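# Structural overview for review
Now for the letters of each chain:
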2 protein chains.
Amino acid sequence: MKKWAIIVAGGSGLRMGQPLPKQFLMLADRPLLSYTIDAFFQAYPDIHMVLVLPPDFMEMGEQLIQAGYTGKNIQLAQGGATRFDSVKNGLARTDPSNAIVFVHDGVRCLVTAALIRRCYEKTVETGAVVPAIAANDSIRLRSLAADSAGVNSTAVLNRDRVLLVQTPQTFYAEWLHEAFMLPYQEQFTDEATVVEQMGRSISIVEGEETNIKITRPIDLLIAERYLQQRS
Amino acid sequence: MKKWAIIVAGGSGLRMGQPLPKQFLMLADRPLLSYTIDAFFQAYPDIHMVLVLPPDFMEMGEQLIQAGYTGKNIQLAQGGATRFDSVKNGLARTDPSNAIVFVHDGVRCLVTAALIRRCYEKTVETGAVVPAIAANDSIRLRSLAADSAGVNSTAVLNRDRVLLVQTPQTFYAEWLHEAFMLPYQEQFTDEATVVEQMGRSISIVEGEETNIKITRPIDLLIAERYLQQRS
């Protein structure tokens, strides 16, 4: 089946305290985003890619492509106000027929080709897959209603049941296109939630502890350490 | 109120692939456990401490105390087969009258005096406190029953409701003593769960992102980076 990867890097990353959005920050000797892109081409050299970037950084994206990915199938799309909008913009560039679409956080730059292939293979079977890892900590669930003293009560969850969800979230392209016709809802924090809304079941594959999201300055340092361990 | 800290370091830390249990591994220039101990004495110089250690490492614990903590109120207790047993052994050394007890993971060595004080102050008010932080990832809850195809289904959780629980878990000493008279149950993965079983409510204070549990080799490197950032 044809493979599409929508790399969502539409945020401006203000939490990093840097003038550049985090997806363009340097990790070792090159932009973080280039590691993400490489992992997908390593998994599937013939993959079609859509990079979703902040409107002000489209040119920087063009430069990144020209510097390292000429001849590769990469298109750009503009990020929107929410993640849902950004994915929708990326999705508009894809062709849903007989295809599988990965949606991946641009700042999860340590994703491996092995995980990408694992997601693909499971999706061929089941249609909708997210990678996830078990939680190491005890987990409590906050009730939404506060008690009379204004305190939210919590309940412990069996930690064997709790999964921390990563990306690439991977789907039959037609399911994803169909789901993204829905009007935006606040609980659509990831794509699986949108697809699930259409009555589809989500399968899980084992994620990777190192598949972290770079959001804080310390995460860049952690990512550097992980890279050193790999080489 | 009198303050007791039970530092639970009864594990032998085989996941680290090292001959020493992880609580004795070096972080920068000294054993990881000494950072943990220091944080509690920094928060409350007059605190009474019980170090729960693996049976084979009691002597190493004695040496650690003699090298850096003579004149401090530190006792040793022997770890048990489960965390519940280890805490129970530590608790046996404490005096429950008019006291507050912290139970802390020895390998959460980056805990700050500020967090310890925050836990104490809230416990004075409410009797049972855990520090917790919000989850950054989307969370799914696996159902315990597999479907006919042997696949466990999952459901998405509102991530604003999910809290990752840390330590020190902090309690009125009498509540904790009373709770630890219960027979062991498998779901007692932390102390709050035990106390809750007695019908007590658990309060939450804001934890710290850096209050990580050192369980894998990479965590030591991450902890080093955090330390560098602090100094």
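Everything below is about the structure shown above.
Just so we're clear, the structure is a prediction, and the values are computed from it rather than from any experiment.

### Some words on the overall build of chain A
- Secondary structure summary: chain A contains seven helices and 12 strands in total.
- The C-alpha atoms of chain A give 18 Å as radius of gyration, which agrees with the globular expectation for 231 residues (17 Å, within 12%).
- Along the first, second and third principal axes, the C-alpha set of chain A runs to 60 × 40 × 35 Å.
- Counting only residues that meet the buried cut, chain A has 55% of its 231 residues in that class.
- For chain A, restricting intrachain contacts to residue pairs at least 6 apart in sequence, the fraction spanning at least 24 positions comes to 72%.
- In the form shown here, chain A has an accessible surface area of approximately 9800 Å², with 49% of it arising from carbon and sulfur atoms.
- Chain A carries 22 positive and 25 negative side-chain charges, and their two centres are separated by 3 Å.

### Details of helix H1 (residues 32–43) of chain B
Residue and element names in this part refer to chain B.
- Between its first and last C-alpha, H1 extends 18 Å over 12 residues, near the 16 Å set by a 1.5 Å rise per residue.
- The element H1 is largely enclosed, with a buried count of 10 among its 12 residues.
- All buried positions along H1 are accounted for by Leu32, Leu33, Ser34, Tyr35, Thr36, Ile37, Ala39, Phe40, Phe41 and Ala43.

### Observations concerning the pairing of strand S5 (residues 74–78) of chain B
Residues and elements named next belong to chain B.
- Bridge count for strand S4 (residues 48–53) against S5 is five bridges, and the pairing is parallel. When the sheet's bridge partners are listed, leucine 53 is paired in S5 with glutamine 78.
- With helix H2 (residues 58–68) bridging S4 and the parallel S5, this β-α-β connection has right-handed handedness.

### Thoughts on the interface of chain A and chain B
- Across the boundary between the two partners, chain A contributes 39 residues, which contact 39 residues of chain B.
- With both sides pooled, the region where chain A packs onto chain B buries about 4000 Å², and carbon together with sulfur makes up 50% of that total.
- A per-residue breakdown of the area chain A buries against chain B is headed by Arg140(A), Arg161(A) and Arg225(A), which together make up 20% of the total.
- At the junction of chain A and chain B, the tally comes to eight salt bridges.
- The residue Glu196(B) makes a salt bridge to Arg140(A) at a minimum N-O spacing of 3.0 Å.
- Our enumeration of links across chain A and chain B arrives at 13 residue pairs in polar contact (both at pLDDT 80 or more).
- Looking at the side of chain A that touches chain B, the elements that each hand over two or more residues are strand S8 (138–146), strand S9 (152–157), strand S10 (162–165), helix H6 (191–197) and helix H7 (217–230) of chain A.

### Observations concerning helix H2 (residues 58–68) of chain A
All names here are of chain A.
- For H2, the complete set of buried residues consists of Met58, Gly61, Leu64 and Ile65. Down the axis of H2, the sector holding all buried residues measures 115°, keeping them to one side. Pointing more than 90 degrees away from the buried face of H2 are the exposed residues Glu59, Gln66 and Ala67.
- On its buried face, H2 sits against strand S3 (30–31), helix H1 (32–43), strand S4 (48–53) and strand S5 (74–78).

### Topic: the relation of the copies chain A and chain B
- When chain A is fitted to chain B, the residual RMSD is 0.0 Å, and the transformation amounts to a turn of 180° plus an axial shift of 0.0 Å. Those values place the two copies in the arrangement expected of a two-fold rotation axis. The position closest to the rotation axis in chain A is occupied by the C-alpha of Ile222(A), lying 3.0 Å away.
- When you check the interface residues of chain A against chain B, 100% turn up at the interface there too, and the contact is symmetric in its surfaces.

### What about the packing of H1(A) against helix H4 (residues 113–126) of chain A?
Residues and elements named next belong to chain A.
- Remark: H1 packs on H4, axes separated minimally by 8 Å, with the N-to-C direction vectors making an angle of 60°. In this view, H1 runs oblique relative to H4, as classed from their interaxial angle. Between H1 and H4 lies a crossing whose hand is right-handed. Residue-level contacts link Ala39, Phe40, Gln42 and Ala43 of H1 to Ala113, Ile116 and Arg117 of H4.
- Its residues assigned to classes, the contact of H1 with H4 comprises five nonpolar, one polar and one charged.

### Concerning the packing of H7(A) against helix H7 (residues 217–230) of chain B
- At a minimum axis distance of 10 Å, the contact between H7(A) and H7(B) shows a crossing angle of 140°. One finds that H7(A) runs oblique with respect to H7(B). Crossing handedness for the pair H7(A) and H7(B): right-handed. Two secondary-structure elements touch here, H7(A) through Ile218(A), Leu221(A), Ile222(A), Glu224(A), Arg225(A), Tyr226(A) and Gln229(A) and H7(B) through Ile218(B), Leu221(B), Ile222(B), Glu224(B), Arg225(B), Tyr226(B) and Gln229(B).
- Of the residues belonging to the contact of H7(A) with H7(B), the class tally is eight nonpolar, two polar and four charged.

Reading the values: the criteria
Residues numbered from 1 in each chain as written. Chains lettered and ligands numbered in written order. Predicted model: local features only at pLDDT ≥ 70, side-chain atom pairs only at ≥ 80, totals over all residues. Heavy atoms only, no water. Helix = DSSP H or I, 4+ residues; strand = E, 2+ residues; numbered from the N terminus. Rg over C-alpha atoms; globule rule 2.2 N^0.38 Å. Buried < 20%, exposed > 50% of the residue type's maximum accessible area, 1.4 Å probe, protein only. Contact = heavy atoms within 4.5 Å. Areas by Shrake-Rupley, 256 points an atom, 1.4 Å probe, with all protein chains shown as cover. Lys, Arg positive; Asp, Glu negative; His and termini not counted. Charge placed at Lys NZ, Arg CZ, Asp CG, Glu CD. Expected span 1.5 Å × (residues − 1). Pairing = 2+ DSSP bridges. Right-handed = clockwise from strand over helix to strand, strands pointing away. Buried area = accessible area lost by both parts, 1.4 Å probe. Salt bridge = Lys/Arg side-chain N within 4 Å of Asp/Glu carboxyl O. Polar contact = N/O pair within 3.5 Å; in protein donor to acceptor, adjacent residues only side chain to side chain. Arc of directions from axis to C-beta. Least-squares fit on C-alpha atoms with pLDDT ≥ 70 in both. Axes fitted to C-alpha atoms, helices over the stretch in contact; angles between N-to-C directions. Parallel < 35°, antiparallel > 145°, perpendicular 65-115°, else oblique. Left-handed = near helix turned anticlockwise from the far one by under 90°. Nonpolar A, V, L, I, M, F, W, Y, C, P; charged D, E, K, R; others polar.

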